[in-house]
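A closer look at the structure
Residues per chain, in single letters:
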Amino acid sequence: MANMQAKAYEQQARADAQASAFEQAQEKKKQDLLQAQARAAIGASGVSAAGSPSEVLAANARQNQLDLKAIQYGSTLRQNNLNTQAGISRFSGKQAMGAGLINAGSTLVSGISNLHDPNKAVKFGGSAFA
C-alpha cells in the first residue's frame, strides 16, 4: 500500500513538471507577443527606439525572465514536496512491515510458551496416575 502511495506521489511530481513546462511555454508566447506589440507601438509612434523605449523593452524582458523563473521555482518546490512524500510513504511501509514481523514473532513465542502447562507436566518420583 505504501509503495502504491509513493508511486502516486512520484506520478504527481512528473505531472507537475509537465504542467509547469506547458505553463512556461504559454507564458513565453504571451510575453513575446506583448514585446512585439510594444516594439510595434514604438515604431508606429515615430519615436526612436533608442533611449527610454529600449530601456522599457529591456526592463520588460528582465521581468519576463523573472516570471518564467518563478513558475519553474514553484514547480520545483511542489515536485520536491511530492518526492519527499513518496520517500516518507516508502519508509512508513518498511516500518510497518518490520513492526508486523516483530509482532508476529512475539505472538509465536507467546503461543509456544503457553503450550507448557506446569500443572499438567509429569512429575518425576511420583505416580503418573495420581
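One structure accompanies this document, and this report is about it. Predicted model only: the values in this text are computed from it and were never measured.

About the cut-offs
- Residues numbered from 1 in each chain as written.
- Predicted model: local features only at pLDDT ≥ 70, side-chain atom pairs only at ≥ 80, totals over all residues.
- Heavy atoms only, no water.
- Helix = DSSP H or I, 4+ residues; strand = E, 2+ residues; numbered from the N terminus.
- Buried < 20%, exposed > 50% of the residue type's maximum accessible area, 1.4 Å probe, protein only.
- Contact = heavy atoms within 4.5 Å.
- Expected span 1.5 Å × (residues − 1).

With respect to the overall build of the chain
Per the secondary structure count, the chain includes two helices and zero strands. By the burial criterion, 16% of the 130 residues in the chain qualify as buried. Here the contacts in the chain between residues at least 6 apart in sequence split such that 84% fall between residues at least 24 apart.

Quick look at helix α1 (residues 2–45)
Given a rise of 1.5 Å per residue, 44 residues ought to cover 64 Å, and the 64 Å separating the end C-alpha atoms of α1 matches this to within 8%. Taken as a whole, α1 has its buried residues at A2, A6, A13, D16, S20, Q24, E27, Q31, Q35 and I42. Following α1 by one or two positions, G46 adopts a phi angle in the positive range, close to 80°.

What to know about the side chain of S20
One can find S20 in helix α1. Judged by relative accessible area, which is 3%, S20 ranks as buried. Ignoring any residue separated from it by four or fewer positions in sequence, one finds S20 in contact with I71, Q72 and S75.

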